[in-house]
Number of protein chains: 4
Amino acid sequence: MATQVIVLNGGSSSGKSGIARCLQAILPEPWLAIGVDLLIDLMHPAKTGIDFGPDGEVIVGPRFRAVEAAWMTGVAAMARAGAHVIIDDVFLGGAASQRRWLDALAGLEVLWVGVRCASAVAAGREIARGDRDSGMAVAQAEVVHQGVTYDVEVDTTHTESLVCARSIAARIG
Amino acid sequence: MATQVIVLNGGSSSGKSGIARCLQAILPEPWLAIGVDLLIDLMHPAKTGIDFGPDGEVIVGPRFRAVEAAWMTGVAAMARAGAHVIIDDVFLGGAASQRRWLDALAGLEVLWVGVRCASAVAAGREIARGDRDSGMAVAQAEVVHQGVTYDVEVDTTHTESLVCARSIAARIG
Amino acid sequence: MATQVIVLNGGSSSGKSGIARCLQAILPEPWLAIGVDLLIDLMHPAKTGIDFGPDGEVIVGPRFRAVEAAWMTGVAAMARAGAHVIIDDVFLGGAASQRRWLDALAGLEVLWVGVRCASAVAAGREIARGDRDSGMAVAQAEVVHQGVTYDVEVDTTHTESLVCARSIAARIG
Amino acid sequence: MATQVIVLNGGSSSGKSGIARCLQAILPEPWLAIGVDLLIDLMHPAKTGIDFGPDGEVIVGPRFRAVEAAWMTGVAAMARAGAHVIIDDVFLGGAASQRRWLDALAGLEVLWVGVRCASAVAAGREIARGDRDSGMAVAQAEVVHQGVTYDVEVDTTHTESLVCARSIAARIG
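Because the structure is predicted, anything quoted here is derived from the model rather than measured.

**Side note on the interface of chain C and chain D**
Part 1: On the side of chain D, 30 residues touch chain C, which itself brings 30 residues to the contact.
Part 2: Carbon and sulfur atoms supply 72% of the area buried between chain C and chain D, which totals about 2,200 Å² over both sides.
Part 3: For chain C, the biggest contributors to the area lost against chain D are C:Pro30, C:Leu42 and C:Lys47; these three give 25% of the whole.
Part 4: On the surface where chain C and chain D come into contact, there are 0 salt bridges.
Part 5: For the side of chain C that touches chain D, the element with the most residues is helix H3 (residues 62-80) of chain C, which contributes 9 residues.
Part 6: Looking at side-chain class alone, the side of chain C that touches chain D contains 21 nonpolar, 5 polar and 4 charged residues.

Right, dumping it as structure tokens:
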């Protein structure tokens, strides 16, 4: 059955967005790239229920979780209605985060992709992107993969985004 | 019954986004503001199926319409799942555009809002925003309202966004 | 003698940038619009020497002042070398801020423009822009004009940016 | 004598901006990063005098050249007045482009840096950035270095931006 959703999971600065854009370029159909920050961008900045701790950790409040659950339901409905969707996320809760998407995407053909990057390299790329707050790359590099199951894994430490995207595209049904 | 979706319809530079941000600020619940350009932003720029004509008119191809239909289904599903959603759109097809949203949002409590702005004033604001392509404000000012039915209408020609937002908020169930 | 530099001074959300873009559109020559935030954008976010207080006030450190002085010298040199420059600034220090630009721009033909906006209206526009930090519009509305001398003054409270720009353009030598 | 200006020259998507941001992070002083697109961003989009050809080549008109000359004079004046400046440019004219900066920066202590990237890798990174217009990376990869003299050369094909930045920083006087 044809793949309807691609889920890219990896820490901050692991290279997910670049891979998503390469997938959009090389796959024949139009795919929507829905990033982890999009939902936050659609909310009023003072009302997200998200905070950042002193070491770059993300603190997610209950109000955000409620909106997020409705958001995930809607993204899944888009895919069921025929849109091809790439979800680019950071599974801060590891297996529990994957479980939430598994529930929302029930019945859809999903390709689960792990995007890894050596912690020190991701930290360097965070600096090269000019983020004001640094530390997220290191804090998230390992934890987001704990207990998560993938169909494909890529590692951007020594491999370009486009090459990673090609190995993912080869797995699209 | 409590309002679940607010639909703002108006031409380019009529002031919809500013009103949406004011609504997000003054309404107590968190509302997601989903603008007309968001879907396009999520697609690969070479694969949207959207073009712009020489006089600023938007040319929408069939491929975009197919993705857009799935998108609308998903946005409606978010609202049914409990997210409060402000949709900021340009009804290029007038009544036919409203019909598409009416179908997608069936069963939801929707507040339909018309956002008007005198054509010459909207054209001036288009220049003040620094858009490369001008002419959309004038081209769209009247046509987007043809045959469309509203619960509330506001006019930004002489009224600030925040004042318009307050009159809309007064109608929220 | 032909105007070489236009300086727009006004509080946050008073409408300076919109007027600057309208001036760029209606004046025949190409004009560079150099905004108050540009210098900050060119610096590393952790090294600006700028902070924001709890009530939206801007706290400018000595390191920023040193870089800013060199920046002003460079902007003036661009104008002396033939570039037409619109400077869009917030004179937090009132007359003292104008004095710094007067010194830097010595020998150039400058049109000094005051951009006013009723405090409550500017505060509403701040909300409509969706700024995370609010309060700057009110904090700055009056103080930035104290002791400052202008060639032209405009007020965006009830007048569109394009109309203000036309009255400024009429004064360009 | 202490380095006052760092000039990074390389083709589109060769990694100049990432290196510039890393230099800003690791060098102790505040450095201004002035990119090749900044001048264009400060102009009205319809009045730049810049066009793009069908194969991604940049066509620079005489009006842009006049403004650019004044701009370069101003950037040099900033550095002479004490600002530390990183210039990130694409020498489309090779040695002739370097000559223009050599003239503008006369008397300043400049570190000239060549940023190389294998053409195929740069083209892949262009896709990963999601640029609408592609082809610039390949078109510019070699030509921008023809006849140009450097103090340091780095190659981002297999070396991270931060590592390249460290080797440049080691040469700062």
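**Points about the pattern of salt bridges**
Part 1: A full pass over the atoms with the stated rule returns 16 salt bridges over all chains.
Part 2: Here A:Asp103 and A:Arg99 are joined by a salt bridge, their closest N and O atoms 3.7 Å apart. Taken as a pair, A:Asp103 and A:Arg99 lie in helix H4 (residues 95-104) at a separation of 4 residues, close to a single helical turn.
Part 3: A relative accessible area of 48% places A:Arg99 in the partly exposed class.
Part 4: Across the pair C:Glu153 and C:Arg116 runs a salt bridge, and its minimum N-O distance is 2.8 Å. Highlighted residues: C:Glu153 in strand E7 (residues 152-155) and C:Arg116 in strand E6 (residues 110-116), separated in sequence by 37 residues.
Part 5: Since its relative accessible area comes to 47%, C:Glu153 is described here as partly exposed.

**Focus: the relation of the copies chain C and chain D**
Part 1: Overlaying chain C with chain D gives an RMSD of 0.0 Å, the required rotation being 180° about an axis along which the chain moves by 0.0 Å. Classification of the inter-copy transformation places it as that of a two-fold axis. Judged by C-alpha distance, C:Gly74 is the residue of chain C that lies nearest the rotation axis, at 2.2 Å.
Part 2: Mapped onto chain D, 100% of the interface residues of chain C again fall at the interface, so both copies present the same surface.

**Some details on the state of the cysteines**
Residue and element names in this part refer to chain B.
Part 1: For the coordinates displayed, the defined rule picks out 0 disulfides over all chains.
Part 2: Between Cys-164, a free cysteine, and Cys-22, which holds the nearest cysteine sulfur, the sulfur-to-sulfur gap is 8.8 Å.
Part 3: Note on Cys-164: relative accessible area 2%, which makes it buried.

**Considerations on empty space enclosed by the protein**
All names here are of chain A.
Part 1: The final tally for this structure, using the stated rule, is 4 cavities of 30 Å³ or more.
Part 2: Quantified by volume, the largest cavity comes out at close to 50 Å³.
Part 3: Considering the residues around the largest cavity, the lining is formed by Gly-11, Ser-12, Ser-14, Val-115, Arg-116, Cys-117, Ala-122, Ala-137, Ala-141 and His-145.
Part 4: Across the lining of the largest cavity, the residue classes tally to 5 nonpolar, 4 polar and 1 charged.

Thresholds applied
Residues numbered from 1 in each chain as written. Chains lettered and ligands numbered in written order. Predicted model: local features only at pLDDT ≥ 70, side-chain atom pairs only at ≥ 80, totals over all residues. Heavy atoms only, no water. Contact = heavy atoms within 4.5 Å. Buried area = accessible area lost by both parts, 1.4 Å probe. Salt bridge = Lys/Arg side-chain N within 4 Å of Asp/Glu carboxyl O. Helix = DSSP H or I, 4+ residues; strand = E, 2+ residues; numbered from the N terminus. Nonpolar A, V, L, I, M, F, W, Y, C, P; charged D, E, K, R; others polar. Buried < 20%, exposed > 50% of the residue type's maximum accessible area, 1.4 Å probe, protein only. Least-squares fit on C-alpha atoms with pLDDT ≥ 70 in both. Disulfide = S-S within 2.5 Å. 1 Å grid on protein atoms, 1.4 Å probe; cavity = no way out; pocket = protein on both sides within 12 Å on 5 of 7 lines; lining within 4 Å. Points joined across faces, edges and corners; volume = space filled by probe spheres on them.

Everything listed here is a matter of geometry and, on its own, says nothing about what the molecule does.
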